[in-house]
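Examining the three-dimensional arrangement
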Amino acid sequence: MSGNGKAPMVAVEGVKKVYRRDAEEVKVLDGLSLEVPEGDFVALMGPSGSGKTTLLNLIAGIDRPTAGKVIVAGTDVAQLGESELARWRSRNVGFIFQFYNLIPVLTAEENVALPLLLTNLSKKERRERALTALKVVGLAERSQHYPRQLSGGQEQRVAIARAIVADPKVLVADEPTGDLDSKSAEEILALMETLNRDFGKTIVMVTHDPRAAQRAHTQHHLEKGVLSL
Amino acid sequence: MALPITYNVRNVRVRWQLTLLAVVGIALVVTTIVFLTAMASGFSLALRATGRDDNAMIVQKGANAELTSGIGRNAAQVLLVDPRIARDDQGWPLSSPEILVVASYPRKADGADVNVSVRGVTPRAFEVRGGLRIVAGRQVQPGLPEVIVGERVRERYGFEVGSKVSIQNKPWEVVGVFAAEGSGFESEIWGDLETMAEPLRRTGGYQAIVVRLADPSTFEAFKTAWEGDPQVQVSVSRERAFYEAQAGPIAGALLGLAGFVGIVMGVGAVFGAMNTMYGIVASRTREIGTLRALGFSRRAILASFLTEAAILAAFGGALGCLLALPANGISGATNSANFSEIAFAFRVTPPTLFAGMVFAVMMGIVGGLLPALRAARLPITTALREV
Ligand SMILES: Nc1ncnc2c1ncn2[C@@H]1O[C@H](COP(=O)(O)OP(=O)(O)OP(=O)(O)O)[C@@H](O)[C@H]1O
Ligand SMILES: [Mg+2]
């Protein structure tokens, strides 16, 4: 529980993550705890291999801790079964990837509408929402373009539209500017700030880029599986 | 909950090079199966008489082909008074006594001498046998040296209306061409029984008699009565069954061959499809991880890749059917139980094509199953790490 009595959006409690590679055990996270209040914009920094992505995956509910608890938006993620977890993700987490991960055979609009296929919205409603999300990222006029017809920065904006289209509470971003030139990176960061400030999204962002980290409200440093200040 | 099919269709379309091998493999299997089935169905149709269910076929006891049968005219007289035989207004029995000889003619295509059945029939034969009709020219006139030829005979030997054919060293004029629903009669030459009996040296009797039963349910009684009669010495069978007994084993063997080849080639094509689908899954690993992260279930991924395999296979099936289509109408030939050639046309029928498509899609789904399962089982984090 955070100081003001309000439950944090993300609470990681004593989490361990061990990977087993053959006989060898790799301890990636070793009793890590972290709280992210609702509406925060957090940057996770740290050297390569320190476990940033691993931690982010746990928060996003696409991986499970070896020990400890991960509570996101009030749900103990590790308690959910496979398909419940999938449904939970579709409602609560928006994903932003380093390489955008758009589906190449789908148009921008179709990519953005993808998460809405998991809702029971009508086709028309899905279209409207996707267009709204594309408007938010400033790409409404590119809705019929395929990913290969877009620049990296535009692709990432489409990906962000996809991340917010189902109106999740939490956005997770793994090096969202890692593959972009500085100008596009700047645009993406500005967009994320907007989402945090105006749309109230709680954002957890992994980054190597100190300038990106500065845009966040809080910075955490990960070193060999534990947080350092 | 499911991914839209357009997603799969576009993937197949965009990455068609990747799927080419599997599509062609499946196409070849379907082509082969459709081809063999078309042959089998044309073949069994040709060896079948037009075959009415209420007709009984009477041949000499122990004979299983018409050519080796002989029924004396006296025995025939005795038989035809049976009250179970249907009669016309004048009280005449609906029966078709027939004589049969084999003549030999050079085939148009290669000049090789080939046996052709020559059948002498009464004016009533078309009515009793059923399914026969004149497609060119006219019927023969009893008393004149005239014949009509089946469509296949016209095709293969060039016996057009107006031409003369030699039977037992006598010229007979072709006055008409008849069709018989694709049956073996189309490979025969027909003339008037009484006109032909003497020159063909068949005055003593008939090779077979076909009779229409007034009530088909009396067949067994009819059969039992006459087969047990020592005076006439005949075997009685249903007309259709008589011819099917001749065609059955070979047609069955052909269908068996189609099945066997289908399975052997099908296994190959399934592995081809499997290989392709593994490739497709591997090339889309990160995409799969992304979809799973967004909340699509394992089952949705499984269904999606199975769908894609089925679509891919359906393309193969359609291509295969297209390749097999020209086989329709190709003519083949076989020997009948009467030691004469029976020509038949390959029949590519809609049910055959449909079966080919179903088989194609099945191959796709079977081949796609393991790769789709792999896709569905990929851990999300591993899949996302893929470049
Ligand atoms: N599925 C896995 N199996 C085995 N080891 C793994 C697995 N995933 C991660 N690791 C290991 O865990 C450690 C942390 O990986 P992680 O991806 O979390 O690091 P990271 O901080 O994101 O690094 P980077 O900045 O390079 O992305 C690494 O040593 C990595 O090799
Ligand atoms: Mg990482």
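Residues numbered from 1 in each chain as written. Chains lettered and ligands numbered in written order. Predicted model: local features only at pLDDT ≥ 70, side-chain atom pairs only at ≥ 80, totals over all residues. Heavy atoms only, no water.

Structural notes on the overall build of chain A
To keep it simple, the criterion reads: Secondary structure elements follow DSSP: runs of H or I of four or more residues count as helices, runs of E of two or more count as strands, with numbering from the N terminus. Restricting the calculation to C-alpha atoms gives the radius of gyration, and the globule rule supplies 2.2 Å times the number of residues raised to the power 0.38. Each residue gets one of three labels from its accessible area relative to the maximum for its type: buried under 20%, exposed over 50%, partly exposed in between, using a 1.4 Å probe on protein chains only. By definition in these notes, contact holds between two residues if any of their heavy atoms fall within 4.5 Å. Computed with a 1.4 Å probe, the accessible areas rest on the Shrake-Rupley method; for each residue, only the protein chains presented here act as cover.
A count of helices and strands for chain A gives 7 helices and 10 strands. By the compact-globule yardstick of 17 Å for 229 residues, chain A fits well, its C-alpha radius of gyration being 17 Å. Principal-axis analysis of the C-alpha atoms places the extent of chain A at approximately 50 × 45 × 40 Å. Classification of the 229 residues of chain A by burial places 54% in the buried group. Partitioning the intrachain contacts of chain A with sequence separation of at least 6 by distance along the chain shows that 71% fall at a separation of at least 24. Working note: accessible area of chain A is about 10,300 Å², and carbon and sulfur atoms make up 48% of it.

As for the sheet that holds strand 6 (residues 93-96) of chain A
All names here are of chain A. Condition: DSSP-based pairing: two strands are paired if at least 2 bridges between them are found. As a rule, the C-alpha atoms of each element are fitted with a line to give its axis, helices using only the stretch in contact, and angles between N-to-C directions run from 0 to 180 degrees.
The 6 strands lie next to each other as 6-7-8-3-9-10, forming an open sheet whose pairing is mixed. Only two strands of the sheet have a single neighbouring strand rather than two, namely strand 6 and strand 10 (226-228). For this sheet, the mean angle separating the axes of adjacent strands, direction not counted, is 25°. In this fold helix 6 (residues 182-198) packs onto strand 3 (41-45), strand 6, strand 7 (170-174) and strand 8 (202-206), with an angle of close to 150° to the strand it touches most, strand 8.

Regarding helix 1 (residues 5-14) of chain B
Residues of helix 1 of chain B that are buried include every one of Tyr7, Asn8, Arg10, Asn11 and Val12 of chain B, and no others. Contacts from the buried residues of helix 1 of chain B go to helix 3 (108-113) of chain A together with helix 2 (16-47), helix 9 (285-294) and helix 10 (298-324) of chain B.

What about the interface of chain B and chain A?
Quick note on the threshold: Put simply, buried area is how much 1.4 Å-probe accessible surface two parts lose in total, over both of them, once they are put together. Basic side-chain nitrogens of Lys or Arg form a salt bridge, by our definition, when they fall within 4 Å of a carboxyl oxygen of Asp or Glu. Under this definition, polar contacts are N or O atom pairs within 3.5 Å; protein pairs additionally need one hydrogen-donor-capable and one acceptor-capable atom, and for neighbouring residues in sequence, both atoms have to be side-chain atoms. Three categories are distinguished: nonpolar for Ala, Val, Leu, Ile, Met, Phe, Trp, Tyr, Cys and Pro, charged for Asp, Glu, Lys and Arg, and polar for the others, with Gly belonging to the last.
Listed by partner, the interface residues are 23 residues for chain B and 23 residues for chain A. Regarding the contact of chain B and chain A, the summed buried area is about 2,100 Å², with carbon and sulfur atoms giving 64% of it. Notably, a salt bridge pairs arginine 298 of chain B with glutamate 82 of chain A, separated by 3.5 Å at the nearest N-O pair. Here chain B is connected to chain A by 9 residue pairs in polar contact (both at pLDDT 80 or more). Sort the elements by how many residues they give to the side of chain B that touches chain A and helix 9 of chain B lands first, with 7 residues. When its residues are assigned to classes, the side of chain B that touches chain A shows 12 nonpolar, 4 polar and 7 charged.

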